[in-house]
Amino acid sequence: MLVWSLRVHYWLSLARWLDSQGIETVLVNPHLVKKNKENRDNTPSKSDHKDALVIADIMKNGYYSPVRFLAESYEELRILMANRETVTKRLNSAVNQIHRWVDIVFPELRQVFKILTCTSAIATLRLFPLPKEISRLSTEQVLAGWKQFVKRHAGVKRAEQLIALAKCSVGATQALHAHKLHLQQLLEEYDLAQRQLEQIEQELHMILGRIPYARKLLEIPGVNATSLAGILGEAGDLSGYAHGNALLRHAGMNLAEASSGKWRGKMVLSKRGRPRLRRFLYLVTMCMVMTNSEFRALHQYNVKEKKVKKMKSIMKLIGKVARNACLSC
């Protein structure tokens, strides 16, 4: 048996090769190694030699996890959802930088469009982003530009308002060529991220279609494809869990208590599990509370009748979601 303790991804290829050779491979949590390293010599010192001894002790006591590789469909979901998170961060970064650009160059644009990422606002930034350019245009030219991107454009009054605000803009008047080039690159990044997200969403729906029980889960009001893909990608096949509590423990949502003598501390989540799985379980539960009448009634009953705090009620409903999901598979 080989014990491997790493935070990074380097162990994955080695573990797969060892598994193909029939060698059992297990994982030791780095957090557990850090907590137990002072048991050897009562000092916080760290070295490769000491880590090996600590890991050997942990393994001897059975505090390790077997390496279980996901089936191909679930592995694809995990990879795609991790990729989706990266693309979403890039998209949010591009949107934030577009907002910053507007505040510097054409702050009055916010008076015309409340949402700067709406179709008409993005069309304006593509065609004539600088106030100096807009002030030279007529209302008909602005409307003709909008029609290239949207069938129902913002309207004549909004076009007239845009031109009037551009003529008295207090935005930047220097380095306009550099500002315009910067905006073009931001819009390219925005478009790229949007296309990649659409492609990922299509792939997620195709993979979920290959999982037998996924369609049944998607029929539940409040369960959407993205959240379900996140749960399955992190948890794997739900039919492999004996009980919903096992899924909660895998997510680190099992309860932990701190007490000593007569003192009783608060019950908190252990958070010794997969953080993405915790997040998606929380998101799907919140969505079900908002859109599923049954879960909304349970939440209201917990809050109003049982006098439970709202967040504690949500945590209880997450447990219900986990148990029902495992039973339905």
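The rules behind the values
- Residues numbered from 1 in each chain as written.
- Predicted model: local features only at pLDDT ≥ 70, side-chain atom pairs only at ≥ 80, totals over all residues.
- Heavy atoms only, no water.
- Phe/Tyr/Trp six-rings, centres within 6.5 Å; stacked < 30°, edge-to-face > 60°.
- Helix = DSSP H or I, 4+ residues; strand = E, 2+ residues; numbered from the N terminus.
- Buried < 20%, exposed > 50% of the residue type's maximum accessible area, 1.4 Å probe, protein only.
- Expected span 1.5 Å × (residues − 1).
- Contact = heavy atoms within 4.5 Å.
- Axes fitted to C-alpha atoms, helices over the stretch in contact; angles between N-to-C directions.
- Parallel < 35°, antiparallel > 145°, perpendicular 65-115°, else oblique.

### Concerning the packing of aromatic side chains
Each aromatic ring pair is characterised by the separation of its centres together with the angle its planes make.
No. 1: Tallying each qualifying case throughout the model produces one aromatic pair.
No. 2: Between Phe-113 and Trp-146 the ring centres are 6.0 Å apart and the planes differ by 70 degrees, which places this aromatic pair in the edge-to-face class. Here Phe-113 is found in the loop between helix H6 (109-112) and helix H7 (119-127), whereas its partner Trp-146 is found in helix H9 (residues 139-147), with 33 residues between them in sequence. There is no split in this pair, since Phe-113 and Trp-146 are both buried.

### So, helix H10 (residues 156-167)
No. 1: If you check H10, its first and last C-alpha atoms are 17 Å apart, about what 12 residues at 1.5 Å a residue would give, namely 16 Å.
No. 2: The secondary structure elements touched by the buried residues of H10 are H6, H7, helix H8 (131-134) and H9.

### A few points about the environment of Ser-93
No. 1: Within the secondary structure, Ser-93 sits in helix H5 (residues 72-105).
No. 2: A relative accessible area of 35% places Ser-93 in the partly exposed class.
No. 3: Separated by 10 residues in the primary sequence, Ser-93 and Asn-83 have C-alpha atoms spaced 15 Å apart.

### Concerning the packing of helix H15 (residues 275-291) against helix H16 (residues 293-305)
No. 1: The N-to-C vectors of H15 and H16 enclose an angle of 95 degrees; their axes lie 6 Å apart at closest approach. Taken together, the axes of H15 and H16 are roughly perpendicular relative to one another. On H16, the residues that touch Met-288, Val-289, Met-290 and Thr-291 of H15 are Ser-293, Phe-295, Arg-296 and His-299.

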